[in-house]
There are 4 protein chains.
Amino acid sequence: MSTKVKKIGVLTSGGDAPGMNAAIRAVVRTCAFHNIECAGIYRGYQGMIEGDFKEMGARSVNNIINKGGTILKSARSMEFMTPEGRKKAHENLVKNGIDGLVVIGGNGSFSGALLFNQEFNFPVIGIPGTIDNDIYGTSHTLGYDTALNTVVEVIDKIRDTASSHNRLFFIEVMGRDAGHIALNAGIGAGAEEILIPEEDMGLDRLLDSLRKSKASGKSSSIVVIAEGDKIGKNAFELKDYVEENMPEYDVRVSILGHMQRGGSPSCFDRVLASRLGVKAVESLLDGKSNYMAGLLKDEIVLTPLEQAVKGKSQVDKELIRVSDIVSI
Amino acid sequence: MSTKVKKIGVLTSGGDAPGMNAAIRAVVRTCAFHNIECAGIYRGYQGMIEGDFKEMGARSVNNIINKGGTILKSARSMEFMTPEGRKKAHENLVKNGIDGLVVIGGNGSFSGALLFNQEFNFPVIGIPGTIDNDIYGTSHTLGYDTALNTVVEVIDKIRDTASSHNRLFFIEVMGRDAGHIALNAGIGAGAEEILIPEEDMGLDRLLDSLRKSKASGKSSSIVVIAEGDKIGKNAFELKDYVEENMPEYDVRVSILGHMQRGGSPSCFDRVLASRLGVKAVESLLDGKSNYMAGLLKDEIVLTPLEQAVKGKSQVDKELIRVSDIVSI
Amino acid sequence: MSTKVKKIGVLTSGGDAPGMNAAIRAVVRTCAFHNIECAGIYRGYQGMIEGDFKEMGARSVNNIINKGGTILKSARSMEFMTPEGRKKAHENLVKNGIDGLVVIGGNGSFSGALLFNQEFNFPVIGIPGTIDNDIYGTSHTLGYDTALNTVVEVIDKIRDTASSHNRLFFIEVMGRDAGHIALNAGIGAGAEEILIPEEDMGLDRLLDSLRKSKASGKSSSIVVIAEGDKIGKNAFELKDYVEENMPEYDVRVSILGHMQRGGSPSCFDRVLASRLGVKAVESLLDGKSNYMAGLLKDEIVLTPLEQAVKGKSQVDKELIRVSDIVSI
Amino acid sequence: MSTKVKKIGVLTSGGDAPGMNAAIRAVVRTCAFHNIECAGIYRGYQGMIEGDFKEMGARSVNNIINKGGTILKSARSMEFMTPEGRKKAHENLVKNGIDGLVVIGGNGSFSGALLFNQEFNFPVIGIPGTIDNDIYGTSHTLGYDTALNTVVEVIDKIRDTASSHNRLFFIEVMGRDAGHIALNAGIGAGAEEILIPEEDMGLDRLLDSLRKSKASGKSSSIVVIAEGDKIGKNAFELKDYVEENMPEYDVRVSILGHMQRGGSPSCFDRVLASRLGVKAVESLLDGKSNYMAGLLKDEIVLTPLEQAVKGKSQVDKELIRVSDIVSI
């Protein structure tokens with residue numbers, strides 16, 4: 001790439017996550033800092049197809065660093081999956097003088113970005129934004145740390161009532177096919193047991209564990225379940241199973257749901273978003289393309305977008321051992 | 001009652017609520033202040049039957065004013081519904097020198113207290129503790145204000161993601177047969193529509209209201225539903241109904257559940273608990289019995305327990321009108 | 001007033017308070033509901049003088065009910081204290097077709113409104129907005145409940161470290177000449193002692209109380225001081241005095257400051273703001289003027305603005321007794 | 001060390017920090033898991049000298065993972081700085097059968113541990129607990145992440161009122177000689193300028209930066225100052241200096257103080273505490289001594305205690321550049 005990028009477009013795509021606004025702010029201001037233009041693209045790829053753009057200067061992102069959600073809105077676009085859709089999108093970018101793209105989103109969004117780059121050789125850098133932390137090439141995705149705190153605060157409240165009544169709670173948390181939220185928030189909330197997709201605990205071991213908990217003198221218990229858990233039963237079926245086999249327990253179920261996606265981002269997510277936003281823009285200015293900016297071993301690094309999409313983020317198995325120990 | 005009360009027993013019963021610990025603290029310390037003894041009774045009436053008592057001094061309630069749940073635990077007791085159970089309970093009180101009782105709980109707990117008083121002429125004062133605010137004789141029950149803040153904070157988070165995606169959310173809140181939580185938290189959270197048991201809105205008016213919302217340019221909508229709502233459908237059935245009739249909406253459901261019962265009490269609930277605890281003990285010292293201490297028109301007053309049990313707390317219908325106006 | 005109000009101006013003035021945005025939203029939407037126009041006036045009376053107005057429709061106040069501060073900004077205006085300033089302000093209102101005014105603020109703002117009304121016979125209704133709760137004619141001002149929760153949450157954090165180190169903390173809270181925040185948040189935070197302007201405790205009684213606290217086995221202590229306290233020493237001087245007289249104490253001081261003014265409003269403040277906003281607009285529509293809408297004994301009522309300005313809001317002295325008992 | 005450790009003592013020392021209780025819980029439960037005994041030592045080294053010990057089993061640390069402060073209390077001990085004090089402390093450990101020590105604290109606490117180990121060849125492992133993040137050998141100390149969130153939440157509230165009034169705020173945060181809290185919370189809070197000990201900005205550059213902020217259209221500004229900042233003026237002197245040189249600014253000062261030390265730990269701190277507690281105990285069981293368990297590049301590792309004490313933790317200078325860019 002011989003000519004320098006002159007105007008960057010930024011969009012958020014897929015499920016929203018706390019920290020997306022902080023990342024948009026960083027992208028917009030890094031453009032202002034380096035004296036290039038910036039355009040916000042609304043509703044992800046769909047807005048790119050519809051030409052839903054807005055010029056953004058440093059002042060247009062005032063007071064958003066602490067806001068959940070995304071001021072650019074997000075959407076899933078079926079049309080972008082078609083060659084015609086992507087052609088329209090490209091025409092809109094060209095028409096608006098946009099010659100570089102920052103895509104804030106998850107795996108699906110990155111796949112779209114890859115395809116777009118292949119077809120039009122359009123410079124693109126990804127920023128991982130999803131509470132699920134399921135992206136290869138970064139130890140933390142934007143929104144993940146905030147979601148952990150949200151989950152832990154809610155379970156703290158549930159434990160108040162659980163321990164007042166000596167109850168057993170099954171609490172289902174988000175994470176899609178990944179157990180990151182369940183495992184970390186489970187440890188953080190002091191869960192007695194944690195069920196994640198990466199490890200099939202089996203129903204027998206669960207009953208066994210609950211019996212040990214009871215025998216050890218625990219009066220109430222919290223079991224955290226990842227939504228993608230592989231034990232073969234959802235939270236309500238688990239409740240029935242346990243009540244059948246351990247009638248001494250009064251079991252309740254709580255599905256935490258979409259509240260996990262919202263809220264003011266944690267300091268960690270705001271700082272990470274700021275660093276990734278700076279990196280993304282400066283990478284485009286350096287003539288780089290097809291990378292994702294991420295955090296690895298406390299440093300901001302680039303990973304080829306293709307690896308990010310194909311790779312699999314792993315949960316730290318050592319944490320399962322830690323959980324087994326501290327929940328004794 | 002000619003002889004002054006010398007030792008007061010305090011218990012929490014029914015569903016737990018934030019502020020119960022603050023009330024226990026106030027009861028214990030008011031006893032200490034007036035130089036009489038105090039015993040905590042664990043697990044409500046069941047602990048009374050089993051003699052699960054503990055002497056409590058001013059220092060034994062340090063650092064609990066800000067804790068959710070109840071350090072005395074709560075339980076529902078089938079045995080207390082039998083004459084034999086109540087006889088055992090009375091014998092335990094007498095054996096422990098307890099000659100006055102403070103019952104922190106809801107309607108069911110007060111019914112038990114009334115029965116107990118009738119059978120044994122035992123002095124008893126009630127303190128209304130439930131998040132549902134469904135008790136006659138007090139404008140606010142302990143835990144209600146805290147639950148409202150919890151609900152509003154959670155819906156704020158959900159709105160972040162709702163407005164990022166232009167979605168419609170049905171959010172079910174607690175309240176048993178009363179719409180207090182739904183109506184007040186609904187207004188506080190800026191809900192577009194609120195469904196409560198006290199008012200059958202009807203499915204047609206709901207659709208109509210959602211259509212008006214959409215037409216008025218609202219990009220996302222929150223509907224708050226009281227768990228005891230009379231519209232005849234639960235949140236999931238409503239979702240299906242709306243999606244069928246308004247396919248342009250992407251509807252999500254969130255059942256907030258037990259988190260509403262926990263959490264550190266609000267300042268309002270802590271102050272109210274302190275005032276009610278002082279009033280309850282001093283009423284017993286004044287020779288009063290069979291009353292509930294409550295808050296009416298900003299003043300702490302006594303209501304005969306029988307009225308509290310039989311009366312019905314009403315939602316403020318004017319609030320329905322306010323909600324209709326501010327959600328335009 | 002024979003002709004009906006057709007366009008209402010709304011402004012925030014004086015110190016900002018959580019709930020002001022919720023009140024602005026309610027004013028704007030009540031206008032929309034009754035099909036009259038509404039204009040936001042920026043920076044209080046100063047913006048009125050400068051003609052800094054903006055037309056506001058129902059959608060222009062989306063997603064502000066949960067925001068602290070005021071989107072209309074606030075300012076103190078020296079110019080409005082002059083007849084020339086007020087004349088300019090009036091001309092601007094007339095020029096913009098505004099024929100009714102809602103002033104959200106405190107005592108100073110209401111005095112200005114009164115003067116303005118006397119000079120130009122301009123219809124005006126006040127909404128009490130200040131965290132200090134020092135306004136006659138309402139049991140709660142907007143922002144007061146939120147500030148109480150903010151203070152209590154912060155003192156909860158300070159208590160964590162105070163009790164880990166067996167320390168004594170003097171914590172100064174806002175409230176100007178009124179002890180409402182100190183007294184209620186002090187009880188809510190479990191303060192050992194509370195110093196308010198309405199009651200001169202005297203230094204001897206303070207030392208005495210701290211000695212009793214120590215003797216009773218308390219390992220740490222929190223003293224809450226209203227900023228306008230009359231004991232004649234500020235928090236740092238008190239620290240010196242106590243350390244001199246009770247060298248066994250390691251005393252720390254914390255001035256909570258402006259954080260008390262910010263933050264997302266509590267559910268109570270949001271509902272109150274909604275009710276007051278509706279009442280203010282409908283009062284103007286009813287041809288009323290020179291009143292403040294307030295909450296008294298749980299009902300929304302009007303108080304003549306002159307009384308609101310001249311009257312004095314009282315702290316509930318019974319709370320001082322409650323505090324003495326529960327802090328034993 | 002040929003014989004395996006049979007009983008571990010655990011203490012917290014120095015300033016308390018959120019996550020210390022989670023670490024105590026992990027130490028106690030890891031002992032239970034490996035079937036060895038554990039004793040809690042109260043008030044740090046002072047309690048060791050006074051023999052203030054308590055046997056702790058898995059159930060004695062229930063429901064503390066979410067509590068701020070330290071249930072073992074903390075204190076600074078002058079006596080432990082004397083050979084006689086340390087001798088007494090050693091005798092108490094021996095008398096109680098304690099043959100391994102976990103010290104949770106900061107640099108001063110680790111120096112004491114080193115000395116103790118040298119004199120008595122007593123096995124000791126450190127866990128870094130301080131909000132200041134100023135310890136070599138770990139990217140994060142316990143409590144640091146929580147403190148960042150506390151600071152950012154408070155500044156969010158202050159910004160509400162700052163932007164309502166177009167004010168400039170100087171906000172002083174903790175951190176002793178290190179700028180970690182100021183730099184990260186400053187970026188997280190969207191501060192316009194950050195003053196840290198590691199970088200002498202100079203008064204001229206500060207004025208220059210504020211003038212640029214004003215010129216760029218910012219209506220309010222937040223400057224975050226580390227308590228150990230080297231600019232040579234404290235926050236109040238800075239206020240005077242700026243007001244003299246930029247009379248257009250209405251400057252306010254807020255010293256956040258001890259609230260930064262308290263509060264329920266973040267999920268990050270709870271998980272880190274759990275991992276470090278497990279590592280500390282298992283290191284003692286492995287015959288290791290004189291190490292600190294820390295987090296480096298996302299992994300739990302041991303650093304020789306001597307290095308931890310002598311080394312200097314560095315702020316990430318790249319973050320200063322990021323702050324300059326995103327605050328444009």
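Residue numbers restart at each chain and count upward from 1, following the sequence in its written direction. Chain letters start at A and ligand numbers start at 1, both assigned in the order the entries are written. Only residues with pLDDT of at least 70 get local features here, since the model is predicted, and only at 80 or more are side-chain atom pairs given and counted; chain-wide, interface and lining totals rely on the full set of residues. Just so you know, side-chain values use all the structure's heavy atoms and leave hydrogens and water out.

A word on the overall build of chain A
Part 1 of the argument: Runs of E in the DSSP output that reach at least two residues are strands. Runs of H or I that reach at least four are helices, and both are numbered from the N terminus. Across its full length, chain A carries 11 helices and 11 strands.
Part 2 of the argument: Between the two quantities, the radius of gyration covers C-alpha atoms and the globule rule is 2.2 Å times the number of residues to the power 0.38. Expected size for 328 residues packed as a compact globule is a radius of gyration near 20 Å; at 22 Å, chain A falls within 12% of this value.
Part 3 of the argument: Note on classification: 1.4 Å probe, protein chains only; a residue is buried when its accessible area is under 20% of the maximum for its type, exposed when over 50%, partly exposed between these limits. Burial analysis of chain A (328 residues in total) assigns 66% to the buried set.
Part 4 of the argument: Between two residues, a contact is recorded if the distance between any of their heavy atoms is within 4.5 Å. Excluding contacts between residues fewer than 6 apart, the proportion of contacts in chain A whose partners are at least 24 apart in sequence is 75%.
Part 5 of the argument: Charge separation in chain A, taken as the distance between the mean sites of 38 positive and 42 negative side-chain charges, equals 6 Å. Charge convention: Lys and Arg are scored as positive, Asp and Glu as negative, and His as well as the terminal groups of each chain are ignored. We put the charge of a Lys on NZ, of an Arg on CZ, of an Asp on CG and of a Glu on CD.

Let's talk about the interface of chain D and chain A
Part 1 of the argument: The interface is formed by 49 residues belonging to chain D together with 49 residues belonging to chain A.
Part 2 of the argument: With both sides pooled, the region where chain D packs onto chain A buries about 4,100 Å², and carbon together with sulfur makes up 56% of that total.
Part 3 of the argument: Should a side-chain nitrogen of Lys or Arg be within 4 Å of a carboxyl oxygen of Asp or Glu, the pair is scored as a salt bridge. Where chain D meets chain A, there are six salt bridges.
Part 4 of the argument: Close ionic contact of Asp316(A) with Arg275(D) constitutes a salt bridge, the shortest N to O distance being 3.4 Å.
Part 5 of the argument: Any N or O atom pair separated by 3.5 Å or less is treated as a polar contact, with the protein-specific requirement of one donor-capable and one acceptor-capable atom, and with residues adjacent in sequence counted only for side-chain atom pairs. Seen at the junction of chain D and chain A, the total is 18 residue pairs in polar contact (both at pLDDT 80 or more).
Part 6 of the argument: Put simply, the parts of the chain that give the side of chain D that touches chain A at least two residues each are helix H1 (20-33), helix H5 (144-165), helix H6 (180-188), helix H9 (267-285) and helix H11 (317-326) of chain D.
Part 7 of the argument: With eight residues, the single largest contributor to the side of chain D that touches chain A is H9(D).
Part 8 of the argument: Here the residues of the side of chain D that touches chain A are counted per class, giving 19 nonpolar, 14 polar and 16 charged. Note on terms: buried area is the combined drop in 1.4 Å-probe accessible area of two parts once they are placed together, counting the loss on both. Throughout this entry, Asp, Glu, Lys and Arg are counted as charged residues, while Ala, Val, Leu, Ile, Met, Phe, Trp, Tyr, Cys and Pro are counted as nonpolar. The remaining residues, Gly among them, count as polar.

Let's talk about the UniProt feature "domain: Phosphofructokinase" (unreviewed entry) in chain A
Part 1 of the argument: With numbering matched to this structure, UniProt assigns "domain: Phosphofructokinase" (unreviewed entry) to residues 7-283 of chain A.
Part 2 of the argument: Helix makes up 43% of residues 7-283 of chain A and strand 16%. Its end C-alpha atoms lie 13 Å apart. UniProt positions are given in the numbering used here, feature names are shortened, and annotations may be inferred rather than shown by experiment.

Quick look at the environment of Ile255(B)
Part 1 of the argument: Relative to the helices and strands, Ile255(B) is located in strand S9 (residues 251-255).
Part 2 of the argument: With a relative accessible area of 29%, Ile255(B) lands in the partly exposed category.
Part 3 of the argument: The contacts of Ile255(B), once residues within four sequence positions are left out, are Ile255(A), Glu172(B), Ala235(B) and Phe236(B).

What to know about the domain arrangement of chain A
Residue and element names in this part refer to chain A.
Part 1 of the argument: The domain boundaries here were taken from an automatic or database domain assignment. As far as domains go, chain A holds domain 1 (7-143 + 265-310) and domain 2 (144-261).
Part 2 of the argument: Of note, the centres of domain 1 and domain 2, computed from C-alpha atoms alone, are 34 Å apart.
Part 3 of the argument: Contacts between the two partners involve 17 residues from domain 1 and, on the opposite side, 13 residues from domain 2.
Part 4 of the argument: With both sides pooled, the region where domain 1 packs onto domain 2 buries about 1,200 Å², and carbon together with sulfur makes up 50% of that total.
Part 5 of the argument: Looking at the side of domain 1 facing domain 2, the largest losses of area belong to Ile131, Asp132 and Asn133, adding up to 45% of the total buried there.
Part 6 of the argument: Put simply, domain 1 and domain 2 have two salt bridges between them.
Part 7 of the argument: For Arg176, the salt bridge identified is with Asp132, shortest N-O distance 3.4 Å.
Part 8 of the argument: On inspection of domain 1 and its partner domain 2, the count reaches 10 residue pairs in polar contact (both at pLDDT 80 or more).
Part 9 of the argument: Of the residues in the side of domain 1 that touches domain 2, the class split is six nonpolar, seven polar and four charged.

Side note on the pattern of salt bridges
Part 1 of the argument: Enumeration over the complete set of coordinates arrives at 76 salt bridges over all chains.
Part 2 of the argument: Connected through salt bridges with shared partners, the residues Arg43(A), Glu50(A) and Asp52(A) form a single ionic network.

Remarks on the relation of the copies chain C and chain B
Part 1 of the argument: Take chain C, turn it by 180 degrees, move it 0.0 Å along the axis, and it overlays chain B with an RMSD of 0.0 Å. The symmetry that links the two subunits is that of a two-fold axis. In terms of proximity to the rotation axis, the leading residue of chain C is Lys297(C), whose C-alpha is 2.0 Å off the axis.
Part 2 of the argument: The share of interface residues of chain C whose copies in chain B are also at the interface is 100%, consistent with both copies meeting through the same surface. In superposing the copies, a least-squares fit is computed on C-alpha atoms, taking residues whose pLDDT is at least 70 in both.

Thoughts on empty space enclosed by the protein
Residues and elements named next belong to chain A.
Part 1 of the argument: Two kinds of site are reported from a 1 Å grid over the protein atoms alone, namely cavities, where a 1.4 Å probe fits but cannot get out, and pockets, open sets with protein on both sides within 12 Å along at least five of seven lines, and residues are called lining when an atom falls within 4 Å of a point. Grid points are joined across faces, edges and corners, and a volume is the space filled by probe spheres set on the points. Counted according to the given criterion, the structure contains three cavities of 30 Å³ or more.
Part 2 of the argument: Each pocket or cavity is described by its volume, and for the largest cavity that value is around 130 Å³.
Part 3 of the argument: Around the largest cavity sit Leu183, Glu193, Ile194, Leu195, Ile196, Glu199, Met201, Arg205, Ile320, Ser323 and Asp324, which together line it.
Part 4 of the argument: Looking at the lining of the largest cavity, the elements with two or more residues in it are strand S7 (193-195) and helix H11 (317-326).
Part 5 of the argument: Taken together, the residues of the lining of the largest cavity break down into six nonpolar, one polar and four charged.
Part 6 of the argument: Estimated volume of the second largest cavity: approximately 110 Å³.

Here's the deal with helix H4 (residues 107-120) of chain D
Residues and elements named next belong to chain D.
Part 1 of the argument: Helices are assigned an expected span. That span is 1.5 Å times one less than the residue count. For H4, built from 14 residues, the straight-helix expectation of 20 Å at 1.5 Å per residue is met to within 8% by its first-to-last C-alpha distance of 20 Å.
Part 2 of the argument: Buried residues along H4 sit against helix H2 (44-50), helix H3 (83-95), strand S4 (100-105), strand S5 (124-128), strand S10 (291-296) and helix H10 (305-310).
Part 3 of the argument: Within two residues after H4, Asn121 carries a phi angle of roughly 50 degrees, on the positive side.

Let's talk about the relation of the copies chain D and chain A
Part 1 of the argument: Superposing chain D onto chain A takes a rotation of 180 degrees combined with a translation of 0.0 Å along the rotation axis, leaving an RMSD of 0.0 Å.
Part 2 of the argument: Counting the interface residues of chain D, we find that 100% of their copies in chain A are interface residues as well, pointing to one common contact surface.

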